[in-house]
Amino acid sequence: MRWLHYYLRLLAAASLLLIAAGGLVTSTDSGLAVPDWPNTYGYFMFAFPFSKMVGGILYEHGHRLIASVVGLMTIGLAVWAWRVESRAWVRRLSWTALAAVIAQGLLGGITVIYLLPKPISISHAGLAQLFFALVVSLGIFTSAGWRARFGRSEPLDDPLLARLALAVPALVYVQILLGATMRHNDAGLAIPDFPLAFGRLFPPEWSLGISLHFAHRLGAVAVTVAAVALIVRILRVHRHRRELARPALLLGTVLLAQIGLGAWTVWSGLQPHINTAHVATGGLLWVVSVALALRVHRAWFGDASAIRATRFATSTGDAPGQVPA
């Protein structure tokens, strides 16, 4: 099981690289640099000459190569989990990840074939983040901490924390979709200044691009308020729970980086590498918030109660599953 966990770490890193590569393709307008699919200018994907990988072709074809590696690794994940994982729900999640990566590949192909239709491109971005969260979640579920330490902790009796832990990833994901919609409608500079909008608190005029851009800014405010409330709640009330305090601090760090990158993206005039870093950091913010939510709601998962029952039976001298006299 330990090696499966390490494999999932590697797959999570590859998934983040894939998200960054996709962000770079969009930031450089390279989505149609390779006009055919699944081939690349008539070549089998892995036979395309390296010497021809220049400019936008490098970004788009490189994105396809990384996606292929992630897809192959996900096949390996599903087979490996099916063979060694005893928890049926974890095995099902592994196969769900495989279905998601297949759907993601098909959406990528449709995006090229139909010349970057906005709804498909936005769905492609949104599904990529869901797949990333699935892989990270599976990494958490197969970790030693999840099975041996977090499950032994008593369930949290804190309704406010429970609600905040669910609200933050939901808001982050909506913000990711808003960002993707803004990017694919070329609205990244619809409001060219920051933190004001045309020198004012609210835009003096409105259009589709300005509305999408301003909605993304309002989403950033909502995410920040909810995330800060979650972090403060954990550090004030549950700071002794290291499995919550450490990801809460990480969430705050990534949030600050994301705010800074968002501002820098506007100030730089959508410089591609800064814009791409903003996309990738948004993915990190998303999965850190998901990881924190999973730890807060650890008691929802069946193996948590089993671990606590085993611990109780051991402490009373009874066999696991035996009701003490």
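Refer to the structure above for everything that follows.
Residues numbered from 1 in each chain as written. Predicted model: local features only at pLDDT ≥ 70, side-chain atom pairs only at ≥ 80, totals over all residues. Heavy atoms only, no water.

Colleague: Where do I start with the packing of aromatic side chains in this structure?
Modeller: The geometry of two aromatic rings is summed up by the distance between their centres and the angle between their planes. Counted by the stated rule, this structure contains 14 aromatic pairs. Between Trp 89 and Phe 141, the ring centres sit 4.9 Å apart and the planes meet at 75°, which makes this aromatic pair edge-to-face. Linking Trp 89 in helix H3 (residues 88-113) with Phe 141 in helix H4 (residues 118-141), this pair joins segments that are 52 residues apart in sequence. Of the residues examined, Phe 141 reaches a relative accessible area of 3% and is grouped as buried. Relative to Phe 301, the ring of Trp 89 has its centre 5.3 Å away and its plane inclined at 35°; by these criteria the two rings are tilted. You can see Trp 89 sitting in helix H3 and its partner Phe 301 sitting in the loop between helix H9 (272-296) and helix H10 (302-316), a full 212 residues away along the chain. Judged by its relative accessible area of 17%, Phe 301 is buried. Every member of this aromatic cluster is reached through a ring pair, and the members are Trp 89, Phe 141, Trp 146 and Phe 301. (Phe/Tyr/Trp six-rings, centres within 6.5 Å; stacked < 30°, edge-to-face > 60°. Helix = DSSP H or I, 4+ residues; strand = E, 2+ residues; numbered from the N terminus. Buried < 20%, exposed > 50% of the residue type's maximum accessible area, 1.4 Å probe, protein only.)

Colleague: For this particular structure, what's the right way to read the environment of Phe 141?
Modeller: Residues Phe 141 and Ala 299, spaced 158 residues apart in sequence, show a C-alpha to C-alpha distance of 13 Å. Not counting residues up to four positions away in its chain, the partners in contact with Phe 141 are Arg 87, Trp 89, Val 90, Leu 93, Trp 146, Arg 147, Leu 294 and Phe 301. (Contact = heavy atoms within 4.5 Å.)

Colleague: Hey, could you run me through a nonpolar patch on the surface in this one?
Modeller: Side chains of Trp 37, Ile 102, Leu 106, Ile 110, Ile 113 and Tyr 114 sit close together on the surface and give an oily, nonpolar patch of about 590 Å² of accessible area. Along the chain, the position of Ile 102 falls in helix H3. (Patch = residues over 30% accessible without salt bridge, like charges linked within 9 Å, V, L, I, M, F, W, Y side chains within 5 Å. Areas by Shrake-Rupley, 256 points an atom, 1.4 Å probe, with all protein chains shown as cover. Salt bridge = Lys/Arg side-chain N within 4 Å of Asp/Glu carboxyl O.)

Colleague: Looking at this structure, how should I read the packing of helix H8 (residues 242-267) against H9?
Modeller: Viewed as axis vectors pointing N to C, H8 and H9 meet at an angle of 160°, and their least axial separation amounts to 9 Å. Here H8 lies roughly antiparallel to H9, going by the angle between them. In this structure, the crossing between H8 and H9 has a hand that is left-handed. Among the residues making up the contact of H8 with H9, the classes are represented as 17 nonpolar, eight polar and two charged. (Axes fitted to C-alpha atoms, helices over the stretch in contact; angles between N-to-C directions. Parallel < 35°, antiparallel > 145°, perpendicular 65-115°, else oblique. Left-handed = near helix turned anticlockwise from the far one by under 90°. Nonpolar A, V, L, I, M, F, W, Y, C, P; charged D, E, K, R; others polar.)

Colleague: Is there a simple way to explain H9 in this structure?
Modeller: Quick reminder: α-helices carry 3.6 residues per turn. Residues three or four places apart thus point the same way. An ideal rise of 1.5 Å per residue puts 36 Å on 25 residues; H9 measures up with 36 Å between its terminal C-alpha atoms. Across the 25 residues that make up H9, a large majority, 20, are buried. One side-chain oxygen of the residue at the start of H9 lies 2.9 Å from the amide nitrogen of His 273, identifying that residue as Gln 271. (Expected span 1.5 Å × (residues − 1). Polar contact = N/O pair within 3.5 Å; in protein donor to acceptor, adjacent residues only side chain to side chain.)

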